[in-house]
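Structural characterization, general
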Amino acid sequence: MVDTTAPREPARRTISNPYLHRLQRRHFLLFDVAPIVGAVAALALLPVLPFGVTEIALLVGMWIVTGLGITVGYHRLFTHRTFTASPATRTALAVAGSMAGQGGVVSWVAIHRRHHECSDREGDPHSPNLSGDGWRGVLRGLLHSHFLWMRRHEYPNVAHYAPDLLRDRRIVAVGRRYDTWVLLGLALPTLIGGLVHLSWAGALSGLLWGGLVRIVVLEHIIWAINSLLHRWGTKPYASRENSRNGGVFALLTFGESWHNNHHAFPESPTFGLQWYRPDPGFWLIRALQAVGLARDLRTPTAERIAAKKVTA
Ligand SMILES: [Zn+2]
Ligand SMILES: [Zn+2]
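Note that the structure is predicted; figures quoted are calculated from it, not measured. (Residues numbered from 1 in each chain as written. Chains lettered and ligands numbered in written order. Predicted model: local features only at pLDDT ≥ 70, side-chain atom pairs only at ≥ 80, totals over all residues. Heavy atoms only, no water.)

**Some thoughts on the coordination of the zinc ion (ligand 2)**
- All of the protein donors around the zinc ion (ligand 2) are His115 (NE2), His230 (NE2), His259 (NE2) and His263 (NE2); their distances to the metal are 2.1 Å.
- For the zinc ion (ligand 2), the 4 donor atoms in the first shell make angles of 95 to 153 degrees at the metal, so the coordination geometry reads as irregular.
- For the zinc ion (ligand 2), all donor residues lie on one chain, and their spacing in sequence is H-x114-H-x28-H-x3-H. Remark: His263 occurs in helix α11 (residues 259–264) and His230 occurs in the loop between α10 (200–227) and α11; sequence separation between them is 33 residues. His263 shares its class with His230; the two are buried. (Donors = N, O, S within 2.8 Å, 3.2 Å for Na, K, Ca; no water. Tetrahedral: all angles 85-135°; square planar, octahedral: opposite > 155°, others 65-115°. Helix = DSSP H or I, 4+ residues; strand = E, 2+ residues; numbered from the N terminus. Buried < 20%, exposed > 50% of the residue type's maximum accessible area, 1.4 Å probe, protein only.)

**Observations concerning helix α1 (residues 18–44)**
- The terminal C-alpha atoms of α1, which comprises 27 residues, lie 37 Å apart, in line with the 39 Å expected from a rise of 1.5 Å per residue.
- Those residues of α1 that fall on the buried side of the exposure criterion are Leu20, His21, Gln24, His27, Phe28, Phe31, Asp32, Pro35, Gly38, Ala39 and Ala42.
- Buried residues along α1 sit against β1 (14–15), β3 (155–156), α9 (178–197) and α10.
- Two or three places before Tyr19, at the opening of α1, Asn17 has a side-chain oxygen 3.1 Å from that residue's backbone nitrogen. (Expected span 1.5 Å × (residues − 1). Contact = heavy atoms within 4.5 Å. Polar contact = N/O pair within 3.5 Å; in protein donor to acceptor, adjacent residues only side chain to side chain.)

**Topic: the coordination of the zinc ion (ligand 1)**
- Binding of the zinc ion (ligand 1) to the protein goes through His75 (NE2), His80 (NE2), His112 (NE2), His116 (NE2) and His262 (NE2), at separations of 2.0 to 2.1 Å.
- Expressed as a motif, the donor residue spacing for the zinc ion (ligand 1) is H-x4-H-x31-H-x3-H-x145-H. Pair noted here: His80 is in the loop between α2 (53–79) and β2 (84–85) and His112 is in helix α4 (residues 105–118), with a separation of 32 residues, a long-range link.
- Residue class for His80 comes out buried when judged on its relative accessible area of 12%.
- For His112, a relative accessible area of 6% corresponds to the buried category.

**So, the environment of Pro266**
- Position of Pro266 among the secondary structure elements: in the loop between α11 and α12 (280–290).
- Of the residues examined, Pro266 reaches a relative accessible area of 26% and is grouped as partly exposed.
- For the pair Pro266 and Thr82, spaced 184 residues apart in the sequence, the C-alpha separation amounts to 7.9 Å.
- Ignoring sequence-local partners within four residues, the contact set of Pro266 consists of His80, Thr82 and His116.

**What about the packing of aromatic side chains?**
- Considering all chains together, one arrives at 8 aromatic pairs under this definition.
- Ring centres of Phe147 and Trp223 lie 5.6 Å apart, and the angle between their planes is 20 degrees; on these two criteria the pair is classed as stacked. In this pair, Phe147 is assigned in the loop between α5 (134–146) and β3 and Trp223 in helix α10, connecting sequence segments 76 residues apart. Trp223 matches Phe147 in its accessibility class, with the two residues each being buried.
- With a centroid separation of 5.4 Å and 80 degrees between ring planes, the pair formed by Tyr237 and Phe265 is classed as edge-to-face. Taken together, the residues Tyr237 in the loop between α10 and α11 and Phe265 in the loop between α11 and α12 connect sequence positions 28 residues apart. A single burial state applies to Tyr237 and to Phe265, both of which are buried. (Phe/Tyr/Trp six-rings, centres within 6.5 Å; stacked < 30°, edge-to-face > 60°.)

Listed below in structure tokens is the structure:
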């Protein structure tokens, strides 16, 4: 007979098994390595395929949509719950983030919450600071944290790290169709490219520049936060890990490069914290707020920000 009075075993924080590792290897090859091959092909085919305003617009347009999907949706809304939004807005942001090809929303959130829990200590899935000393250790750490960690890693148990998302049936449904959203993110620029040029070559150019090159560009921008900005940059606010700010990259990263600010105030919808630090992700949240689609912004008070300021 089962002893119902016995204390329940706490949910395991991470899971590691051959099936999960096979999925991780598949995702790594399909969504991380294959787009690089596509980007090389895009460059090689430049002399024979159309490349002009349409391709640049598709690259930039899709990069902005998916980049904001990651920073505003995956990161600020779903991982850190820095504001609340209507079900339709949540779904739209989850779909936009999914099209980036950086993993399903529930997995992404679980991995990122684990990163905040263990930052730069054992258990952090992608710290650049745990691979030994000397230039070899630095290089190994950078490559690991930038993207090699994704080949095979402990999987944070979503029941432990993302129970709130598992209770949201819409978001679970979006997560289950992750592959479909990535394909949609490739199909859209393909279709637009084909229609604009009225040719198969135009469609292929749209796929390469608005799809695969765009995935590579955004992936490396987001991964650089994990690698470079846990190693170099400024640290204006007290936080126990080695997170840093890289202000010059603020526009390129949609505000994500205020990474020390973010670790110091993870509940904050603004990563820039002050108006003079550019933060496109926060600009979108303010725009959503202005039209009633975002509410309950947990912006830290000026006193709380001042209290964490590191005095020289
Ligand atoms: Zn975060
Ligand atoms: Zn971090």
